[in-house]
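# Overview (structure and organization)
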Amino acid sequence: MAAADSDRDVFETLESEVRSYCRNWPTVFDHANGSRLHDENGRPYLDFFSGAGALNYGHNNPVLKRALLDYLEKDGVTHALDMSTVAKRTFLEAFQEIVLEPRGLPYKVMFPGPAGTNAVEAALKLARKVKGREAVVFFTNSFHGMSLGSLAVTGNAFKRAGAGIPLVHATPVPFDDPLDDRTSGFLWLERLLGDRGSGLDTPAAVIVEAVQGEGGINVARAEWLRDLAELCRRSDMLLIIDDIQMGCGRTGAFFSFEESGITPDIVTLSKSVSGYGLPMSLTLFRPELDIWEPGEHNGTFRGFSPAFVTATAALEEYWRDDGLEKQTLARGEQIRQALDTVATDGPARASGVRGRGLAWGVEFAGTSCASLVCARAFELGLLLETSGPDSEVVKLFPPLTISDEELEEGIALFARAVREVDPSPRPPRR
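Everything in this summary refers to the structure shown in the same document. (Residues numbered from 1 in each chain as written. Predicted model: local features only at pLDDT ≥ 70, side-chain atom pairs only at ≥ 80, totals over all residues. Heavy atoms only, no water.)

## Side note on the packing of helix α5 (residues 62-73) against helix α12 (residues 305-318)
Contact geometry of α5 with α12 gives a least axis separation of 9 Å together with a crossing angle of 140 degrees. Classified by the angle their axes make, α5 and α12 are oblique. Of the two elements, α5 crosses α12, and the hand of that crossing is right-handed. Contact residues: α5 offers Val63, Leu64, Ala67, Leu68 and Tyr71, while α12 offers Ser305, Pro306, Val309, Thr310, Ala313, Ala314, Glu317 and Tyr318. Across the contact of α5 with α12, the residue classes break down as 10 nonpolar, 2 polar and 1 charged. (Axes fitted to C-alpha atoms, helices over the stretch in contact; angles between N-to-C directions. Helix = DSSP H or I, 4+ residues; strand = E, 2+ residues; numbered from the N terminus. Parallel < 35°, antiparallel > 145°, perpendicular 65-115°, else oblique. Left-handed = near helix turned anticlockwise from the far one by under 90°. Contact = heavy atoms within 4.5 Å. Nonpolar A, V, L, I, M, F, W, Y, C, P; charged D, E, K, R; others polar.)

So this is what it looks like as structure tokens:
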């Protein structure tokens, strides 16, 4: 054990204090396959984190890995900025044929940079350019990225504080409340938009997650999203759906907004769009919004061909039919039923269960219960993270390709962690 601690010294002495996940999972991981990671001592951990949604198809998915290795072995172009390559053409053709056309989505595709926040920055920039306005509406408990533009439309106070400067030109409004039976839910925003004395500049756009991931797995109702889309249309605002964490099948359908039947003006994708955990993001938008001048939005890592290769393989393997979507929805129902039982079992009582597909959150009373449950789960060999403004929600994010046996194992380990956590405060040591 002392040797392992010594091996970790380099992380503690050389790496920045900003690191976070490694503090919750104090081990050194060495290899991974499917739904499991293994540390350098050989201990396996069942992964209900999935790279924060970047590994929907599991670790080192064999189909995607074979496509990547074949491409590298033939000396395929790795880095090409936005030059035309065979790998990019193949991906674009597959994305249009498999994703866009069957859903009647008329989008142009932009490669804004490697990270999700790059896709959001491009979306905000384009919306402001198209409308000639600065203001953007966002929602409470939202998360859209860590760069300044994305932080300005993020609700989390801790993350916003890291900016170090005022975050401006963005206005927060309440996210959908599932306990509120109103079908509109936008009376306050509509009043502000129609009141010349409200002080609200007419926004260029509204940005929203259909399911808030970092905000606590908050699921917007389909009718709420439809009402939002209609409000945007009436008020001449663009609707941006951030599908970075919940897209690529996490909620069942390829896009999380499909259930509502809306067609957003702009959509952002990242995380699992590459399929393999490789950096890649997309900003999709209606053709009439494509008013960019050549080179007006640029970036060195917009043409990472290995990501194009694995993304194409993922589309071909999992989205030619609706098999994965149906499987995800069925397993989501299985998780929901199991979590409803877990929520009432043990001293760390849960106050709510919510989610869709294979994105689920269990909210616990008290500020430390969820963190204690995740810590105990790690000791038992299960990787979980917290979410929500006060880290009060345990987030369950297994790979979409997880087996039935692994899913049951993970739920059982989570239930055990809940039972074995004592949330009662302990007296301070003397």
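## Side note on the packing of helix α14 (residues 369-380) against helix α15 (residues 404-420)
Contact geometry for α14 and α15: axes closest at 8 Å, N-to-C directions at 125 degrees. One finds that α14 runs oblique with respect to α15. For the pair α14 and α15, the crossing hand works out as right-handed. Contacts between α14 and α15 involve Val373, Arg376, Ala377 and Leu380 from the former and Leu413, Phe414, Arg416, Ala417, Val418 and Glu420 from the latter. For the contact of α14 with α15, the class distribution of residues is 7 nonpolar, no polar and 3 charged.

## Remarks on the nonpolar core
If you look at the biggest cluster of nonpolar residues, it comprises 86 residues, and the most contacted ones within it are Phe95, Phe364 and Phe414. In terms of residue count, the dominant contributor to this core is α12 (8 residues). (Core = buried A, V, L, I, M, F, W, Y, C linked by side-chain atoms within 4.5 Å. Buried < 20%, exposed > 50% of the residue type's maximum accessible area, 1.4 Å probe, protein only.)

## Digging into the pairing of strand β17 (residues 393-396)
The alternating pattern of β17 places Val393 and Lys395 and Val394 and Leu396 on opposite faces, both of which are buried. Direction of pairing for strand β14 (residues 359-364) relative to β17: antiparallel, over a ladder of 4 bridges. If you follow valine 362 over to β17, its bridge partner there is valine 394. Once strand β16 (residues 385-387) ends, the chain turns through 5 residues before running back antiparallel as β17, passing glycine 388 with a positive phi of about 95 degrees. (Pairing = 2+ DSSP bridges.)

## Description of the environment of arginine 349
In this structure, arginine 349 sits in the loop between α13 (323-342) and β13 (350-356). C-alpha of arginine 349 to C-alpha of asparagine 33: the two residues are 316 residues apart in sequence and 33 Å apart in space. Residues in contact with arginine 349, not counting those within four places in the same chain, are Ala343, Thr344, Phe364 and Ala365.

## Examining the layout of surface pockets
Within this model, the largest pocket holds a volume of roughly 1,300 Å³. Looking at the largest pocket, it is lined by 40 residues, and the ones nearest its centre are Ser20, Tyr21, Lys159, Glu214 and Glu385. Only α3 (21-24), α7 (116-131), α9 (157-161), α14 and β16 provide two or more residues apiece to the lining of the largest pocket. In the lining of the largest pocket, the residues fall into 13 nonpolar, 19 polar and 8 charged. Of the voids in this model, the second largest pocket is the one considered here, and its volume is about 510 Å³. Every residue lining the second largest pocket is counted, 21 residues in all, and those nearest its centre are Val109, Met110, Phe111, Phe285 and Asp290. Elements with a contribution of two residues or more to the lining of the second largest pocket: α6 (86-100) and β4 (108-110). Element by element, the count of residues in the lining of the second largest pocket is highest for α6, at 5 residues. (1 Å grid on protein atoms, 1.4 Å probe; cavity = no way out; pocket = protein on both sides within 12 Å on 5 of 7 lines; lining within 4 Å. Points joined across faces, edges and corners; volume = space filled by probe spheres on them.)

## Quick word on the sheet that holds strand β6 (residues 170-173)
In space, the 7 strands of this open sheet follow the order β4-β12-β11-β10-β7-β5-β6, with mixed pairing throughout. Every other strand in the sheet has two partners, leaving β4 and β6 as the edge strands with one partner each. Ignoring strand direction, the axes of neighbouring strands in this sheet form an average angle of 20 degrees. Note: strand β7 (residues 205-208) against strand β10 (residues 238-242), 4 bridges, orientation parallel. In the strand pairing of β10, isoleucine 207 is matched with isoleucine 240.

## Topic: the sheet that holds strand β3 (residues 44-47)
Pairing in this open sheet of 4 strands is mixed, and the strands run β1-β2-β3-β15 from one edge to the other. Only two strands of the sheet have a single neighbouring strand rather than two, namely β1 (29-33) and β15 (382-383). Inspection of the sheet shows β3 paired to β15 by 2 bridges, in the parallel sense. Within β15, the position partnered with aspartate 47 by the bridge is leucine 383.

## Considering the state of the cysteines
This structure, assessed with the given rule, holds 0 disulfides. Its sulfur unpaired, cysteine 369 is 11 Å from the next cysteine sulfur, which belongs to cysteine 374. Classification of cysteine 369 as buried rests on a relative accessible area of 6%. (Disulfide = S-S within 2.5 Å.)

## Re the packing of aromatic side chains
The full count for this structure, using the stated rule, is 17 aromatic pairs. Between the aromatic rings of phenylalanine 29 and tyrosine 45, the centroid separation amounts to 5.6 Å while the plane-to-plane angle is 80 degrees, which identifies the pairing as edge-to-face. Here phenylalanine 29, found in strand β1, pairs with tyrosine 45, found in strand β3; they are 16 residues apart in sequence, far enough to count as distant. You can call phenylalanine 29 partly exposed: its relative accessible area is 29%. Overall, tyrosine 45 belongs to the buried group, its relative accessible area being 3%. Among the aromatic residues, ring-to-ring pairing joins Phe91, Phe95, Phe111, Phe254, Phe255, Phe257, Phe308 and Trp319 into one connected group. Sitting above the plane of the phenylalanine 397 ring, arginine 250 keeps its charged end 4.3 Å from the centroid. (Phe/Tyr/Trp six-rings, centres within 6.5 Å; stacked < 30°, edge-to-face > 60°. Lys NZ or Arg CZ within 6 Å of the ring centre and 35° of its normal.)

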